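Commentary on secondary and tertiary structure
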Amino acid sequence: MNHSKFRAERILHAYVDGELGKSEKQRMLLRLETDERSRKRVCDLQRTKEWVQFSFEGERALSRKLPDSRRRIWAHGVIRVAASFMLLALAFGAGWIGHTVQQPGDLPVALESIIPQSQHVILHIGESDEARFDALLKKTKKILDEYSAQGVQVEVVTNAGGLDMLRTASSRHVNDIRQLIKRYDNVRFIACSKGLQRLREQGQDVRLIDGVYSDEPAADHLIQRLTEGWTLIKI
Amino acid sequence: MDLVNRILAGRDLRKKIADSRDRLYRVALAWCGDPMVADDLVQETLVIALQRISQLRDKQRLNAWMYTILSNSWKQHLRRIRPTVDIDEAGIVGEGDAESDCCEQEVIEHVRRAILKLPVGQRQTLTLVDLGGFSYAEVAEVLEIPIGTVMSRLYSARQSLQKALVSVRATRPAQTTYLRRVK
């Protein structure tokens, strides 16, 4: 195809895709009135485009329920917002945000988004690392000790290697976690159901510490919580 | 008041991100052809978008920004499974997979297969325009390519698809519709 034909062809594509300006479109419409070949070509292009659209029409992501944000808009009052700021300020004080030191007792945290209205925190771990497990539990306890009275909710979400912390067969923290669950109503430990399924398929023992939830994939849960405005701290 | 407005705007953005799941999924499915992989890509995109929402300066760009994240996730996925394949590698299109008995579903499968056989760059461009409804300029921004490349990829992709559809027509007997009187 020579250059001018190629250019003419691209203009036909642009017409079908609604990319032409007013004057170009007018010229094209006039051309289509008189040029049988162009009319046929536009028809072919339009049909191809519609086949692409039709071939994926009605496809929906695998069922996942997202929360109704309209309800949540009114669920957070000014006091809660103020509490969020306090928590975030305390978070800075505690050295979570932007903290990159990796040693036992400290958390390598990348808090990439600070959502002002958040007063709830998710600590997410996806790696099997004893030092991080220790540090995570230490920080979880610290948040619960210091901010429970302000209504903070804490969730520890694990997937992939992080599941080792919540499996009785692999965890060295069974008693610590049991005690936290027993002592605090505002903490939940969550194991990724998808990750557990994979381990089960590999023949591994996937029994969890009593009180650990495993109702849904970790990614679903994270999305839901982030949509609700929780603050994610990735360990 | 400013704080309240910021909170409401933030919530509105998060809802838009969550609501875009199915559209992202359709494009991701067209890119990878595997519902599970597409689902994972969309999940990853949503998590990253929700995490980094504060980094989005121009809220009007939300849609393009999300597809940029999807595209990056897809590139990473490709690197994991096929580390040496170039995004513009030549593809093989329409090698006569059409069944003789082409019902609607079979044609759909045929179109999907033809899309999957396109080189990755063409596949992304075509689906962002046709499924995502993006303008050429937006696609150029999402994929970080010149607008001329968008147009050439689109041209090549549609040429290939049309060849695939021709092969469907060639194998499908023409249907004649007869009028009949109903008393």
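Since the model is a prediction, treat every value here as computed from it, not as a measurement. (Residues numbered from 1 in each chain as written. Chains lettered and ligands numbered in written order. Predicted model: local features only at pLDDT ≥ 70, side-chain atom pairs only at ≥ 80, totals over all residues.)

1. Some thoughts on the overall build of chain B
To keep it simple, the criterion reads: Helix and strand definitions here come from DSSP, where helices need a minimum of 4 consecutive H or I residues and strands a minimum of 2 consecutive E residues; each element is numbered from the N-terminal end. In this scheme the burial state of a residue depends on its C-beta neighbours within 10 Å: 20 or more other such atoms mean buried, 12 or fewer mean exposed, and anything in between means partly exposed; the C-beta positions come from the backbone. Remark: residues whose backbone-derived C-beta atoms lie within 7 Å of one another are considered to be in contact.
Within chain B, the regular secondary structure consists of 8 helices and 0 strands. Starting at the N terminus, the α and β elements of chain B follow one another as α-α-α-α-α-α-α-α. Within the span of chain B, comprising 183 residues, buried residues form 37% of the whole. For chain B, restricting intrachain contacts to residue pairs at least 6 apart in sequence, the fraction spanning at least 24 positions comes to 69%.

2. Overview of helix H2 (residues 21-32) of chain B
Residue and element names in this part refer to chain B. So the rule is basically this: Each helix should span, by expectation, one fewer than its residue count multiplied by 1.5 Å.
Across its 12 residues, H2 extends 16 Å between first and last C-alpha, which sits within 8% of the 16 Å expected from 1.5 Å per residue. Counting buried positions along H2 gives 10 out of 12 residues, so the element sits mostly inside the fold. Within H2, the full set of buried residues consists of Arg21, Leu24, Tyr25, Arg26, Val27, Ala28, Leu29, Ala30, Trp31 and Cys32. Two residues or fewer after H2 comes Gly33, characterised by a positive phi angle close to 75 degrees.

3. Re the confidence of the model for chain B
Residue and element names in this part refer to chain B. The condition that has to hold: pLDDT is a residue-level measure of predictor confidence that goes from 0 to 100.
Per-residue confidence for chain B gives a mean pLDDT of 79, with 74% of residues at or over 70. Within chain B, helix H6 (residues 120-130) carries the highest mean pLDDT (95), whereas helix H1 (residues 2-19) carries the lowest (67). With pTM at 0.58, the complex prediction returns an ipTM value of 0.76.

4. Let's talk about the interface of chain B and chain A
In plain terms, the rule: All residues other than Ala, Val, Leu, Ile, Met, Phe, Trp, Tyr, Cys, Pro, Asp, Glu, Lys and Arg, Gly among them, are scored as polar; the first ten of these are nonpolar and the last four charged.
Contacts between chain B and chain A engage 42 residues on the former and 34 residues on the latter. In terms of residue class, the side of chain B that touches chain A is built from 24 nonpolar, 6 polar and 12 charged.

5. Some details on the packing of H6(B) against helix H7 (residues 136-143) of chain B
Residues and elements named next belong to chain B. Formally: Only the contacting stretch of a helix is used when fitting its axis, a line to C-alpha atoms as for every element, and angles between N-to-C directions run 0 to 180 degrees. Throughout this description, any angle smaller than 35 degrees is read as roughly parallel, any larger than 145 degrees as roughly antiparallel, any in the 65 to 115 degree range as roughly perpendicular, and the remainder as oblique. Put simply, a crossing is left-handed when the front helix is turned counterclockwise from the back one by less than a right angle, and right-handed when it is turned clockwise.
Remark: H6 packs on H7, axes separated minimally by 10 Å, with the N-to-C direction vectors making an angle of 135 degrees. One element, H6, and the other, H7, form an angle in the oblique class. For the crossing formed where H6 meets H7, the hand is right-handed. Where H6 abuts H7, its residues Gln124, Thr125, Leu128 and Val129 lie against Val139, Val142 and Leu143. Residues belonging to the contact of H6 with H7 are distributed by class as follows: 5 nonpolar, 2 polar and no charged.

6. Some details on the environment of A:Asp205
All names here are of chain A. Looking at the secondary structure, you find Asp205 in the loop between helix H8 (193-201) and helix H9 (218-228). For the pair Asp205 and Arg167, spaced 38 residues apart in sequence, the C-alpha to C-alpha distance is 7.8 Å. In this view, Asp205 contacts Arg167 and Ala169; residues no more than four positions away in its chain are not counted.

7. Let's talk about the pairing of strand E3 (residues 187-191) of chain A
All names here are of chain A. Inclusion rule: Pairing between strands is defined by DSSP: at least two bridges between the two strands are required. Handedness of a crossover is defined as follows: orient the strands so they point away from the viewer, and if the path from the first strand over the helix to the second runs clockwise, the crossover is right-handed.
In terms of burial, E3 is largely enclosed, as 4 of its 5 residues are buried. Across 5 bridges, the pairing between strand E2 (residues 154-158) and E3 is parallel. Each bridged residue has a counterpart across the sheet, and for Val157 the counterpart in E3 is Ile190. Tracing the backbone out of E2, into helix H7 (residues 174-183) and back to the parallel element E3 gives a crossover that is right-handed.

8. Remarks on the sheet that holds strand E4 (residues 231-234) of chain A
All names here are of chain A. Spatial ordering of the open sheet is given by E3-E2-E1-E4, a layout of 4 strands whose pairing is parallel. Looking at the sheet topology across the chains shown, the edges are occupied by E3 and E4. Adjacent strand axes in the sheet meet at a mean angle of 20 degrees when their direction is disregarded. Bridge count between strand E1 (residues 121-125) and E4: 4 bridges; the pairing is parallel. Following the sheet pairing, Val121 is matched in E4 by Thr231.

9. Quick look at the packing of helix H1 (residues 3-16) of chain A against helix H3 (residues 36-55) of chain A
Residues and elements named next belong to chain A. Interaxial distance between H1 and H3 falls to 10 Å at its minimum, and their mutual angle equals 50 degrees. The orientation of H1 with respect to H3, classified from their angle, is oblique. Crossing of H1 against H3: the hand is right-handed. Between H1 and H3, the residues in contact are Leu12, His13, Tyr15 and Val16 and Ser38, Arg41, Val42, Leu45, Gln46 and Lys49, respectively. Grouping the constituent residues of the contact of H1 with H3 by class yields 5 nonpolar, 3 polar and 2 charged.

10. Here's the deal with unusual backbone geometry
Only a minority of non-glycine residues have a phi that is not negative, and only a minority of peptide bonds are not trans. The backbone of A:Ala160 shows a phi angle near 45 degrees, a positive value even though the residue is not glycine. What makes A:Ala160 partly exposed here is the crowd of 16 C-beta atoms within 10 Å. Here B:Glu144, not a glycine, exhibits a phi torsion of approximately 55 degrees, which is positive. Residue placement: B:Glu144 occurs in the loop between H7 and helix H8 (147-171).

11. Some thoughts on the nonpolar core
Defined as follows: The term nonpolar core refers to a set of buried Ala, Val, Leu, Ile, Met, Phe, Trp, Tyr and Cys residues connected through C-beta atoms within 7 Å.
Counting residues in each nonpolar core, the largest one holds 81 residues, and the members touching the most others are A:Leu222, B:Ala28 and B:Val139. Those residues within four positions of B:Val139 in sequence are excluded, and the remaining contacts are B:Thr125, B:Leu128, B:Val129, B:Phe134 and B:Val150.

12. So, helix H4 (residues 62-81) of chain B
Here H4(B) spans 29 Å end to end across 20 residues, near enough to the 28 Å set by a 1.5 Å rise per residue. Restricting attention to buried positions, one finds in H4(B) the residues B:Trp65, B:Met66, B:Tyr67, B:Leu70, B:Ser71 and B:Trp74.

13. Focus: the environment of A:Val121
Residue and element names in this part refer to chain A. Along the chain, the position of Val121 falls in strand E1. Looking at Val121, the number of C-beta atoms within 10 Å reads 25, which means it is buried. Taking C-alpha positions, Val121 is 7.2 Å from Ile233, a pair spaced 112 residues apart along the chain.

14. Comments concerning the environment of A:Phe56
Relative to the assigned elements, A:Phe56 resides in the loop between H3 and helix H4 (69-73). Ignoring sequence-local partners within four residues, the contact set of A:Phe56 consists of B:Arg26, B:Leu29, B:Ala30 and B:Leu131.

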